[in-house]
Amino acid sequence: MAVVLIVPAVLWTRAEGARLRPRLSGVLNSAGDGAVLFLRTLALRACLVANVVLATYMGVEVLAAYQVVNSSWNFVLNMLDAIGIAGQTLVAAQNWCPVQEDEAMRLTRIAGRAGLCGGTVIGIGLMIAGWCASPLFSQSIEIQHLLTVGMVVVGVTLPLAGWMWAVDGILIGAGDYRYLALTCTATAAIYVPCLAVIGWICDAMQASSALRMALLWLAVNLLFVGLRAIFNGFRIGTSTWLHIAH
């Protein structure tokens, strides 16, 4: 992989007459972007760790089922992320030319719809897998049931994730790092306390493991993903992000 990445970079550098030697100004510019993206990633990781904490608090069966559903969720998100990357590339090609703003917005809407449709199709497949494939992961009937519950909840809510991931990828491609870092931090500040409240409510209600599993994944997909969808939707409704890279 290193060879595949490095060799073209060297060839392109020579073709453009650029120098391979690093420049301090370029390194500092990249570090500035990297620091903001690190803050964004840290906020998102805090949310994901909080999910594991709540799943652990909910019991061994819920935690076991959560691990399988979470792995499946991450797997299908990579498929949805591919839509975001494609949209990101198409929009970026328009973003360098101010007169192409309308086209960039049109492509953004198309990418969002593609993410929504992709999430719908993949979500249906995930629900089917939840019903049919749960015995492959555990001999416990209880855990199999929890797997099905989690997969169904994720499958039903995946269209929202598909749309959000497509738009999120486009904003990253536009270099809107500071906005994403700010909104992801705000998401974490809202989301983590909400998980604590969900845990408290489940204890107060003496909720079943199935209900706990459903509430956990509803929180992930309607709060964690939903809040980011709201923030990203508000952003692409303006033209501000189109001028970040200029």
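Now for a quick tour of the structure. Every chain begins its residue count from 1, and numbering advances along the sequence as written. Per-residue local features of the predicted model are confined to residues with pLDDT of at least 70, and side-chain atom pairs are confined, for both listing and counting, to 80 or more; whole-chain, interface and lining totals are unaffected and use all residues. Hydrogens and water are ignored here; the side-chain numbers use all heavy atoms of the structure.

Focus: the overall build of the chain
To keep things clear, this is the line we draw: Helix and strand assignments come from DSSP, with helices taken as H or I runs of at least 4 residues and strands as E runs of at least 2, each series counted from the N terminus. Between buried and exposed lies partly exposed: a residue is buried under 20% and exposed over 50% of the maximum accessible area for its type, with that area taken using a 1.4 Å probe on protein chains only. Contact criterion: two residues are considered in contact whenever any of their non-hydrogen atoms come within 4.5 Å of each other. The accessible surface values rely on the Shrake-Rupley method and a 1.4 Å probe; as for residues, cover is taken only from the protein chains in view. His is not counted, nor are the chain ends; Lys and Arg add positive charge and Asp and Glu add negative charge. Here the site of a charge means atom NZ of a Lys, CZ of an Arg, CG of an Asp or CD of a Glu.
A count of helices and strands for the chain gives seven helices and zero strands. Along the chain, helices and strands appear, N-terminal first, in the series α-α-α-α-α-α-α. Within the chain, the proportion of its 246 residues that are buried is 42%. Sequence separation of 24 or more characterises 84% of the internal contacts of the chain that already satisfy a separation of 6 or more. Here the chain displays about 13,100 Å² of accessible surface, and carbon together with sulfur accounts for 70% of that area. Measuring between centres, the 13 positive side-chain charges of the chain sit 10 Å from its 11 negative side-chain charges.

Here's the deal with the pattern of salt bridges
Rules: Take a side-chain nitrogen of Lys or Arg and a carboxyl oxygen of Asp or Glu: if they are within 4 Å of each other, that pair is a salt bridge.
For the structure shown, the criterion picks out five salt bridges. The shortest N-O distance in the salt bridge between Arg40 and Asp168 comes to 2.7 Å. Taken as a pair, Arg40 in helix 2 (residues 24–57) and Asp168 in helix 5 (residues 141–173) lie far apart in primary sequence, 128 residues in all. A salt bridge links Arg228 to Asp168; the shortest N-O distance between them is 3.3 Å. Of this pair, Arg228 sits in helix 7 (residues 209–236) while Asp168 sits in helix 5, placing them 60 residues apart in sequence. For Asp168, a relative accessible area of 5% gives the class buried.

Quick word on the environment of Val52
Tracing the chain through its elements places Val52 in helix 2. Owing to a relative accessible area of 37%, Val52 belongs among the partly exposed residues under this scheme. With 14 residues separating them in the primary sequence, Val52 and Tyr66 have C-alpha atoms 8.0 Å apart.

A look at unusual backbone geometry
In the Ramachandran plot, Gln206 falls in the positive-phi region, its phi being about 50 degrees despite a non-glycine side chain. For Gln206, a relative accessible area of 70% corresponds to the exposed category.

Points about the nonpolar core
Spelled out, the test is: Definition used in this section: a nonpolar core is a set of buried Ala, Val, Leu, Ile, Met, Phe, Trp, Tyr and Cys residues joined via side-chain atoms within 4.5 Å.
Trp73, Leu158, Met213, Trp217 and Phe224 are the most contacted members of the largest nonpolar core, which totals 45 residues. The element that contributes the greatest number of residues to this core is helix 5, accounting for eleven residues. In this structure, Met213 is in contact with Val62, Ala65, Tyr66, Val69, Leu146, Val149 and Gly150, ignoring residues within four places of it in sequence. The next biggest cluster of nonpolar side chains, apart from the first, holds 13 residues, and it includes Ile170, Leu171, Ile236 and Trp241.

Everything listed is a geometric property; what it means functionally is a separate question.
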